[in-house]
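# Structural overview for review
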Amino acid sequence: MVVATWGASVTGFELLAHADLSLLVKAGVQWGLFGGAVENLGTEHHHELIPRIIDLRLPGCFAMTETGHGSDVQSLGTTATYDADTEEFVVHTPDRMARKDYIGGAAQDAVVAVVFAQLVTNGETHGVHALLVPIRDESGQPCRGVTIEDCGWKAGLNGVDNGRLSFGGVRVPRDALLDRYASVAADGTYSSPIDNANWRFFTMLGTLIRGRVSIAAGAGAATRTALTIAIRYGERRRQFKAPDGSEVVLLDYRVHQRRLLPKLARAYALAFAQNELIARMHDVQTPIQTGGRPDEHAQRELEARAAGIKALATCHATRTIQECREACGGAGYLSENRLPELKADTDVFTTFEGDNTVLLQLVAKELLVGYGSEFAGLDTWGMVRFATRQIAETVVERTAARDLIQRLIDAARRDDSSELLGRGWQLSIIEDREQHLLDTLARRLRRATHDNADSFAVYNAAQPHVLRLAVAHVERVVLEAFVASIDGCPDSGAAELLGAVCDLSSSSTAGSPPPVPRQSPRPWTSGASGCVRAPRP
Ligand SMILES: Cc1cc2nc3c(=O)[nH]c(=O)nc-3n(C[C@H](O)[C@H](O)[C@H](O)COP(=O)(O)OP(=O)(O)OC[C@H]3O[C@@H](n4cnc5c(N)ncnc54)[C@H](O)[C@@H]3O)c2cc1C
């Protein structure tokens, strides 16, 4: 067993993002996705591969997505059918929609793929599992039965060799199955420590959370690089004369400040939330590194938080880097100034490692059902049915500096005259907003229990509401992390400045008119990220 320092690995990844994003993604595929799958889904004999994965003697890829199914991984079409006579799995791509698509490393470098496929033993399907499948031989040619294509030129990340993989009855030995959560005996008997197939699937995916946390970290670093370039340029570039004849520095224009400085403040806010997320991931998942299992409640809470912060951080990256490029005029369009590359290379962060819209629904689901293990296996409809039985009366537990935040909120609620920039008031309205969205959504989903109700139609109609709730929740997590960081800042001058940055971030997060849900307990509610433009519920 290799004991890695997970928090440090994500921080290292974040630093790499300041340099080259194709290199970042190549590293992420090799060590994070491929290595991470072997480490987290495999057992001892798979772990023997880890030293060769670390020093690149064994380049690999992570083949989950298919042409037909990306976000909906449970519907993958690739099959791995066990043949008890030879004690092998037969990996097969039944049709074009089931070919593996976009796979980083597949087009050129990878020699082994972690392939996600429907596992079939003794005629029974057990859902999606992962297997190690060799795809290239020693001369670099595709292995027998494996077809490899290059995805070609992309909008960005062209230093990454994304490819497509198809398997024509490729045979791999029984021990190719990454069997931490399920194994197949020689006679084809399937067994798993987790009975519920849905829960098993999400447990497997949950162990791969580091990739999502890493992408959020990389997005944050790239955004800060872009802001640094644009703000420094804005401090030097002069355009148009003032009445005294001197040329005006761009950043002296109020509108230029408003384009960049709130986004800078937001970058700080997200960075604090990200740091907290990395520390939490490190703590929660440490037991995995020594063969144990993380606390279930903490793991589920971590997954929701990673999904939400990834969605907001990557959305912020896309919008901010575009604004930075425009703020530099023509110079922002030149490759030598890095902004076009940063823009192109981070664009895909919003849809890979989990599409943001899909991830935000996962966040909302966790809020609706709470974190009880009995709900871990619920699919969307199970969640809708559950939410109809109870109005989730608690907003998820406080995320950081619990006591301090409660004190600030209590003080603000006692004193109605507290100011807009009062921290307690900011915390209080953002919490009220989340609670209101949660209560109203739960009530709305209750309609699914009416006789002859069409659950899909009820959920579908509420989907914009679902996304808004998720964003409101993550906004609270972000603000609480900021408040905790200010509280922990040892330098009083820096803490004061951070306080001003926090005010700017929390009062200008929207970038679009602040949403005012009906029956809001406050006249104004703190802004949504603007990532998800949803009508008011
Ligand atoms: C450069 C690049 C590298 C990649 N690398 C890898 C890799 O190494 N390995 C790998 O396995 N995959 C990889 N992927 C695939 C990536 O993870 C998928 O693109 C991603 O999961 C989204 O899947 P999809 O493309 O099928 O989009 P879809 O799932 O089809 O989504 C399309 C749109 O529909 C929306 N949508 C989907 N479902 C819902 C819903 N329930 N409600 C509302 N809206 C919905 C989404 O928000 C999105 O806007 C890579 C992709 C790219 C572009």
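As the structure is a computational prediction, the values presented were derived from the model and not from experiment. (Residues numbered from 1 in each chain as written. Predicted model: local features only at pLDDT ≥ 70, side-chain atom pairs only at ≥ 80, totals over all residues. Heavy atoms only, no water.)

### Focus: the site of the ligand
Taken together, 17 residues lie near the ligand, and F62, T65, S71, G104 and D355 sit nearest. For the ligand, a nitrogen atom lies 2.7 Å from a polar atom in the side chain of T65. Each residue belonging to the shell around the ligand can be placed in one class, and the counts come to seven nonpolar, nine polar and one charged. (Near = heavy atom within 4 Å. Polar contact = N/O pair within 3.5 Å; in protein donor to acceptor, adjacent residues only side chain to side chain. Nonpolar A, V, L, I, M, F, W, Y, C, P; charged D, E, K, R; others polar.)

### Some remarks on helix 10 (residues 356-369)
Counted at 1.5 Å a residue, the expected span for helix 10 with its 14 residues is 20 Å, and the 20 Å between its end C-alpha atoms agrees. Listed as buried for helix 10 are N356, L359, L360, Q361, V363, A364, K365, E366, L367, L368 and V369. One side-chain oxygen at the N-terminal end of helix 10 lies 3.0 Å from the backbone nitrogen of T357; it belongs to D355. (Helix = DSSP H or I, 4+ residues; strand = E, 2+ residues; numbered from the N terminus. Expected span 1.5 Å × (residues − 1). Buried < 20%, exposed > 50% of the residue type's maximum accessible area, 1.4 Å probe, protein only.)

### Overview of the packing of aromatic side chains
All told, the structure shown has six aromatic pairs when counted by the stated rule. Measuring from ring centre to ring centre gives 5.6 Å for F349 and F352, while their planes differ by 20°; the resulting arrangement is stacked. Among the aromatic residues, ring-to-ring pairing joins Y268, F272 and F482 into one connected group. Positioned over the ring face of F202 is K365, at 5.4 Å from the centre of the ring. (Phe/Tyr/Trp six-rings, centres within 6.5 Å; stacked < 30°, edge-to-face > 60°. Lys NZ or Arg CZ within 6 Å of the ring centre and 35° of its normal.)

### Section: unusual backbone geometry
Trans is the prevailing form of peptide bonds, just as negative phi is the prevailing case for residues other than glycine. In this model, F240 sits at a positive phi of 70°, which is unusual for a non-glycine residue. Within the secondary structure, F240 is located in strand 12 (residues 238-241). Judged by its relative accessible area of 61%, F240 is exposed. The backbone phi angle of R338 is positive, close to 75°, even though this residue is not glycine.

### Some details on the sheet that holds strand 4 (residues 100-104)
Taking strand neighbours across the sheet as the criterion, the three strands line up as 4-8-7 in an open arrangement whose pairing is antiparallel. Either end of the sheet is taken by a strand with one partner, and the two such strands are strand 4 and strand 7 (146-150). Averaged over all neighbouring strand pairs, the angle between strand axes comes to 35°, with direction disregarded. Pairing of strand 7 with strand 8 (residues 162-167), which is carried by five bridges, proceeds in the antiparallel orientation. Note on strand 8: the bridge partner recorded for I148 is L165. (Pairing = 2+ DSSP bridges. Axes fitted to C-alpha atoms, helices over the stretch in contact; angles between N-to-C directions.)

### Considering a nonpolar patch on the surface
Residues W31, I54 and L56 make up a contiguous nonpolar surface patch of roughly 310 Å² in combined accessible area. Given the relative accessible area of 46%, I54 is considered partly exposed. (Patch = residues over 30% accessible without salt bridge, like charges linked within 9 Å, V, L, I, M, F, W, Y side chains within 5 Å. Areas by Shrake-Rupley, 256 points an atom, 1.4 Å probe, with all protein chains shown as cover. Salt bridge = Lys/Arg side-chain N within 4 Å of Asp/Glu carboxyl O.)

### Some words on the pattern of salt bridges
Two side chains with opposite charge may pair up if their charged atoms get near one another. One pass over the structure, following the stated rule, counts 23 salt bridges. E87 is paired through a salt bridge with R174; the nearest N and O atoms lie 3.5 Å apart. Of this pair, E87 sits in the loop between strand 2 (79-83) and strand 3 (88-92) while R174 sits in the loop between strand 9 (170-173) and strand 10 (183-184), placing them 87 residues apart in sequence. On the accessibility criterion, E87 (35% relative accessible area) is partly exposed.

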